[in-house]
Each structure stands twice: as C-alpha cells, then as structure tokens.
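Below are the chains, spelled out letter by letter.
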Amino acid sequence: GLVGSEMCIRDRIPESIDRISCRKRKLFVTVQEYQRNRTVANFQRRRRKMNKTNTKKLAIAAVFCAVAVVGSLFSVPVFGSKCSPVQHMVNILCAVTVGPWWALAQAFIASLIRNLLGLGSPLAFPGSMCGALIGGLCYKFSKKLTLAYIGELFGTGIIGALAAYPIAVYVMGKEAALFAYVLPFIISSAGGTVIAIFLVTALKQTHALDKFFGDEQ
C-alpha cells in the first residue's frame, strides 16, 4: 500500500509542475501584455500632448505673423531699405514664446505676405529670418532674454545685412556695397528690440507669459 501511494504521488508531481509552469507562462504573458499596453498608452499620451502643443504654437505664430504684416504699414525707409521695427519686435516675442523654428517660419511667411501685398521688398527675408532664428536659438540654449535681444540684433544687423547684399545686387538689380545694409538693418532691429524689451518686461511683471518662459521650446 505504501509503495502504491508513493508511485501515485510521483505520478501526480509532473502534473502539478506542469500546472505551475502553465500559470507562470500565463503570468509572464500577462505582464508582457501589460507592459506593452502601458508603453503604447504612454506613447499615445505624449503624442496627443505634442500635437496639442504644436497646435497652440501654430496659433501663436500665426497671430504674431499677422501683427508683423500689419506693423509693416509703419515701415521707415532708411538708405534704400524699408525698415520695419514691428517685425523685429515680433521676432523676439515669437522666439522666446514658441521657439526658434516657429519664429523662423513666422518671419518667412510674414516677409512673403508683405512682398505679395507690396509692403516690403525681398530684403525683408534675410532682414527678418536671420534675426528670428539666431535670437530664438540664443534663448533656447541659454534661457536668457538678454541673449535673445543680442541674437536678434546680431542676426539682423550683421548676418541679415550681409545676406541682403547678393539679393539686392543679383535679384533686385541694385548697386550696393557689401556692408551697405548693416546700418539700416541695425537701426530697424534696435528699434524693434527696444519695443520688445518694454513689452516682455511688462508681460512678465503681470505673469502673462509665465507658462512660456522657462519651458523647453
């Protein structure tokens, strides 16, 4: 009887081990499915957040673009170029709120619209885009408004002015020296930068832009 009982127990042991192994496999598969579902859910959540953020930035950039176009009605002719301080003010505001690439896109579209409406010249493209990009990159990597202002001045007054030379000569057919547009571009950029400094300071004091400043653009 004892021998028979031992044999019966030995026969049941493999069945028990199989059942335990099966449970472990099911548990392992369940954990894998949970981790996979969680990863997918996190990815979808991040994607929705990114889409929402991009939509918000697009709307803000569009508003800034409209302001730049309307502001170009108050352009000032300086040494053969139409200087628009409002465009440079918008460049800074756009750069520090929605980032350098949105600021660059805003500057390009605003310059295009201004040219189509006869409110600007082809010089508007280098004059606005260089300052918007460099000012935005300076702020993105430093988070210092002072560097954003300097970046706009340097990008427009130096880089943009030098880039305007071949456009003026080969596209517009003008006779100009290499550094002919440095002074007018600096004057225009300086005027817009001063306006931007007052606006940004006022908006920060009222905490109107706290949700933008300090965030990664």
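Quick note: structure is the one above.
Conventions and cut-offs
Residues numbered from 1 in each chain as written. Predicted model: local features only at pLDDT ≥ 70, side-chain atom pairs only at ≥ 80, totals over all residues. Heavy atoms only, no water. Helix = DSSP H or I, 4+ residues; strand = E, 2+ residues; numbered from the N terminus. Contact = heavy atoms within 4.5 Å. Areas by Shrake-Rupley, 256 points an atom, 1.4 Å probe, with all protein chains shown as cover. Phe/Tyr/Trp six-rings, centres within 6.5 Å; stacked < 30°, edge-to-face > 60°. Buried < 20%, exposed > 50% of the residue type's maximum accessible area, 1.4 Å probe, protein only. Lys NZ or Arg CZ within 6 Å of the ring centre and 35° of its normal. Expected span 1.5 Å × (residues − 1). Arc of directions from axis to C-beta. Core = buried A, V, L, I, M, F, W, Y, C linked by side-chain atoms within 4.5 Å.

## Side note on the overall build of the chain
- Check the secondary structure of the chain and you find six helices and two strands.
- Partitioning the intrachain contacts of the chain with sequence separation of at least 6 by distance along the chain shows that 68% fall at a separation of at least 24.
- As displayed, the chain has an accessible area near 13000 Å², and 69% of this comes from carbon and sulfur atoms.

## A closer look at the packing of aromatic side chains
- Taken as a whole and assessed by the stated rule, the structure comprises two aromatic pairs.
- A ring pair is formed by F108 and F125, whose centres lie 5.6 Å apart and whose planes are at 50 degrees; its orientation type is tilted. Of the two residues, F108 sits in helix α3 (residues 100-116) while F125 sits in helix α4 (residues 124-142), which places them 17 residues apart along the sequence.
- Consider the rings of Y181 and F185, whose centres lie 6.0 Å apart with planes at 45 degrees: the pair is tilted.
- By relative accessible area, which is 4% here, Y181 ends up buried.
- The lysine or arginine in question, K140, covers the ring of F141, its NZ or CZ lying 6.0 Å from the ring centre.

## Concerning unusual backbone geometry
- Even without being a glycine, K143 presents a positive backbone phi close to 60 degrees.
- Relative to the helices and strands, K143 is located in the loop between α4 and α5 (145-171).

## Digging into α3
- For α3, with 17 residues, the first-to-last C-alpha span of 24 Å sits near the 24 Å given by 1.5 Å per residue.
- Those residues of α3 that fall on the buried side of the exposure criterion are P100, A103, Q106, A107, A110, S111 and R114. Across the axial projection of α3, the buried residues extend over an arc of 125 degrees, all falling on one side. Away from the buried face of α3 by more than 90 degrees, exposed residues W101 and L116 are located.
- Trailing α3 by a residue or two, G118 shows a phi angle of about 75 degrees, which is positive.

## Side note on the nonpolar core
- Formed by 26 residues in total, the largest nonpolar core has its most connected members in F64, M89, V90, C94 and L145.
- Listing elements by their share of this core, those giving two or more residues are α1 (2-71), α2 (85-98), α3, α4, α5 and α6 (182-205).
- A per-element tally of this core places α2 first, with nine residues.
- Leave out the neighbours within four places in its chain, and C94 touches A61, F64, G99, W102, A103 and Q106.
- With seven residues, the next largest nonpolar core counts L123, A161, Y181 and V182 among its residues.

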